[in-house]
Amino acid sequence: MISRSPLNNLCFNIGRQAILSNQIFYHSFKEKYIESSNNINLDFLPQLHQNGHLHDQFSLNQIISTCAKLGSLSVGIQTHCQIIKMGFDSNVFINTALVDMYGKCDVVIEAEQLFDEMPERNVVTWNALISGYLDTHYPENAILLFLEMLRESIRPTPSSVSAALVGCAQLEACELGAQLHGLIWKIGFALNVVVGTVLIDMYLKCFDLEISRRVFDQMTERNIITWTSMITGYGRNRCPFQAMILFKEMLKLGIKANCVTYTSLLSSFTCSDYLVHCEQVHCHVIQQCFHTNHYLVVSLLSAYSECSCSLEDFRKLCSDVVKWDEISWNAVISGFSNLGVGGEAFSCFSRMRRAGFTVDQYTFASILKAIGNISGLEEGMLTHCLALKTGYASEVAIQNGLVSMYTRCGRLENAEKIFSSMEERDLISWNSLLTGCAHHGYGRDVIVMFEEMRRCGIKPDLTTFLAVFSACRHAGLLDEGLKYFDLMKNDNSLPPPKLEHYACIVDIYGRAGHLHEAEDFINNMPIEPGPSVYKSLLNACQLHGNKGLAVISAKKLVELCPNDPATYVLLANMLASEGNWNDAEGQRKLMLDRGLSKKPGYSWL
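Thresholds applied
Residues numbered from 1 in each chain as written. Predicted model: local features only at pLDDT ≥ 70, side-chain atom pairs only at ≥ 80, totals over all residues. Heavy atoms only, no water. Helix = DSSP H or I, 4+ residues; strand = E, 2+ residues; numbered from the N terminus. Buried < 20%, exposed > 50% of the residue type's maximum accessible area, 1.4 Å probe, protein only. Contact = heavy atoms within 4.5 Å. Expected span 1.5 Å × (residues − 1). Arc of directions from axis to C-beta. Core = buried A, V, L, I, M, F, W, Y, C linked by side-chain atoms within 4.5 Å. Polar contact = N/O pair within 3.5 Å; in protein donor to acceptor, adjacent residues only side chain to side chain. Axes fitted to C-alpha atoms, helices over the stretch in contact; angles between N-to-C directions. Parallel < 35°, antiparallel > 145°, perpendicular 65-115°, else oblique. Nonpolar A, V, L, I, M, F, W, Y, C, P; charged D, E, K, R; others polar. Phe/Tyr/Trp six-rings, centres within 6.5 Å; stacked < 30°, edge-to-face > 60°. Lys NZ or Arg CZ within 6 Å of the ring centre and 35° of its normal.

*Asks:* Help me understand the overall build of the protein in this model?
*Replies:* Scanning the protein from terminus to terminus reveals 35 helices and zero strands. Burial statistics for the protein: of 605 residues in total, 47% are counted as buried.

What follows is the structure in structure tokens.
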């Protein structure tokens, strides 16, 4: 702790006496002029001065602090003038409050000028200007000022290093943040809960989850903000399992989660595997009576739809929405879109517009996805016109959505026209067009576009390769498919291939008639073959008349999908075609014993 200097003691005692002598007056002053309204009237300032109530730094500091809190720059400037008239312009405490006020009112240049003219500064003064730079989005200046403070031999406080770490986080300057981390240990702030929490957040924003967790584990004291920061980090890095473990550990220690904790946790649930976790968190939200919180309800809507909840549950959750604004409508539209209910998504979109709410980039992205799901070309063209009218059609995210929508609706010429007109194309742009062309059987064109994409320096991801494999199997391009599979598999910067990639390669082998190669490929897979792999092999066996291998594939499918009636029917038909009538009857009986029945087919004709 920094010892208080004699001058500081003197100022402190003067301020203390002023508080005692003006206690009754200032209570009514605060109630009447400061706490009653955001609009401060300066008419009372001369009166206070004449009555001798503005001759202490405490009263002036309170007025300046209120101006800073309310962002009342004009009142702050007039108060500054009054301070100069009264001769307080050299007071370090009042000047520090003024620096803080100018920073919070977004006029950091005035704060900097006042700082430079101050005859005396303390560490709080330095902290005020550093925070002012951060508040006005000048993190480089904040860090430079912090370094200058160190050169001036001003001992930093926890607030100083915390502010410098925020600057590093805004700049994503991990190396500089690591150097500050060393300084924090050196000056003894490593165990400070505020510093530790900001340090965790800095490493998370610099994409170093491992070091963030190490800092978290080393902390001897943690508050709810510390726990929430770490849970948020896991959520941003798509690590829902770790986030859930940390959440449960926090509850065991008796620390109650807040709305930010729940929102961060829910944002990490993005697939059906975590629907149970989503429901568990929802229960905790209800127990703590947060279920009426507007932002939490929106987060729940997003999480449930991402986790592929039932349509009934999603509609029920929609009924809990109390405040219908742009955020609520966007969450509902996105939710119906994620659940594949494009018609309802478009209906909500129409209701949102009729209610007079403004559609934004997020709205357009969601509704275009929903329209693509239902191949609603007419609705898509109307939405395209609206995007042009509102000026969003030039946004890359919206252009990507339009490309995807038009390809899903079978209008490849429209999609290619938009793609060609794009000034900036990202990976999603290429993936949208490649996937659409592959879906419609333009295999050779996909290969040409893929090579052009690589020449443009766009690095393909697993989605890109899936589109290429799909194109190769539709066009019968065995050699090209195998070549690109090796390219993907040997790229260490990519995650390992997923089950759908292996299923595509099996299908490529099968369509080309290389059934035994397909079987060997399955037997040598580094991951457990799933139903999609054996379905690809079975389709190929049926196509080329290999009944023996078809029976083996069908039996594997029954083992993997014991509750799928189509698998039993398929296996029974295969056995019957081989003349194994008893075995075929046994499969049908097994299906009935398990309470399964084949859904009847129907036709629109």
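*Asks:* What should I look at first to understand helix H16 (residues 259-267) in this one?
*Replies:* Every α-helix winds through 3.6 residues per turn, so residues three or four apart in the chain are directed the same way. Among the residues making up H16, those that are buried are Cys259, Thr261, Tyr262, Ser264, Leu265 and Leu266. Buried residues in H16 make contact with helix H14 (224-236), helix H15 (240-252), helix H17 (275-287) and helix H18 (294-306).

*Asks:* Honestly, helix H35 (residues 581-593) in this entry has me stumped. Any pointers?
*Replies:* The end-to-end C-alpha distance of H35 is 18 Å, a good match for the 18 Å that 13 residues give at a rise of 1.5 Å each. Ala584, Gln587 and Met591 are the residues of H35 that are buried. In an axial view of H35, the angular spread of the buried residues amounts to 55 degrees, which keeps them on one side of the axis. Opposite the buried face of H35, by more than 90 degrees, sit the exposed residues Trp581, Asn582, Glu585, Leu592 and Asp593. Trailing H35 by a residue or two, glycine 595 shows a phi angle of about 75 degrees, which is positive.

*Asks:* What is the right way to look at the nonpolar core in this model?
*Replies:* What tends to happen in soluble globular proteins is that the nonpolar side chains get buried as a cluster. One finds Phe269 and Phe469 to be the most contacted residues of the largest nonpolar core, which totals 181 residues. Residues within four places of phenylalanine 269 in sequence aside, it is in contact with Pro240, Met244, Tyr274, His277, Cys278, Val281, Ala303, Glu306 and Cys307.

*Asks:* So what exactly am I meant to see when it comes to the side chain of serine 432 here?
*Replies:* Relative to the elements of secondary structure, serine 432 occurs in helix H26 (residues 427-439). Among the polar contacts listed, one links the side chain of serine 432 to the backbone oxygen of isoleucine 428, at a separation of 2.8 Å. When near neighbours in sequence (up to four residues on either side) are disregarded, serine 432 contacts Asn400, Val403, Ser404 and Thr407.

*Asks:* Looking at this structure, how should I read the environment of leucine 560?
*Replies:* Note that leucine 560 resides in helix H33 (residues 547-560). When residues no more than four places from it in sequence are discounted, the contact partners of leucine 560 are Pro529, Gly530, Pro531 and Tyr534.

*Asks:* Where do I start with the packing of helix H24 (residues 396-408) against H26 in this structure?
*Replies:* Two quantities define a packed helix pair, namely the angle between the helix axes and the distance between the axes. Relative to each other, H24 and H26 sit at 5 degrees, their axes nearing to 9 Å. The angle between the axes of H24 and H26 places the two elements in the roughly parallel class. Across the interface between the two elements, Val396, Asn400, Val403, Ser404 and Thr407 from H24 touch Ile428, Ser429, Ser432, Leu433 and Gly436 from H26. Per-class residue counts for the contact of H24 with H26 are four nonpolar, six polar and no charged.

*Asks:* Just to check I follow, could you spell out the packing of aromatic side chains for this structure?
*Replies:* One pair of aromatic rings is described through two measures. These are the centre distance and the angle between the planes. Evaluation of the coordinates by the stated rule reveals 18 aromatic pairs. With a centroid separation of 5.0 Å and 85 degrees between ring planes, the pair formed by phenylalanine 115 and tryptophan 126 is classed as edge-to-face. Taken as a pair, phenylalanine 115 in helix H7 (residues 108-117) and tryptophan 126 in helix H8 (residues 123-135) lie far apart in primary sequence, 11 residues in all. With respect to burial, phenylalanine 115 and tryptophan 126 carry one shared label: buried. Relative to tyrosine 484, the ring of phenylalanine 450 has its centre 5.0 Å away and its plane inclined at 80 degrees; by these criteria the two rings are edge-to-face. Here phenylalanine 450 is found in helix H27 (residues 443-455), whereas its partner tyrosine 484 is found in helix H29 (residues 478-489), with 34 residues between them in sequence. Across the pair, tyrosine 484 and phenylalanine 450 agree in class, each one buried. Taken together, the ring pairs connect Phe450, Phe465, Phe469, Tyr484, Phe485, Tyr502, Tyr509 and Phe521 into an aromatic cluster. Between the NZ or CZ atom of arginine 121 and the centre of the ring of phenylalanine 115, over which it lies, the distance is 4.2 Å. Above the face of the phenylalanine 419 ring, arginine 425 is positioned so that its terminal group lies 4.4 Å from the ring centre.

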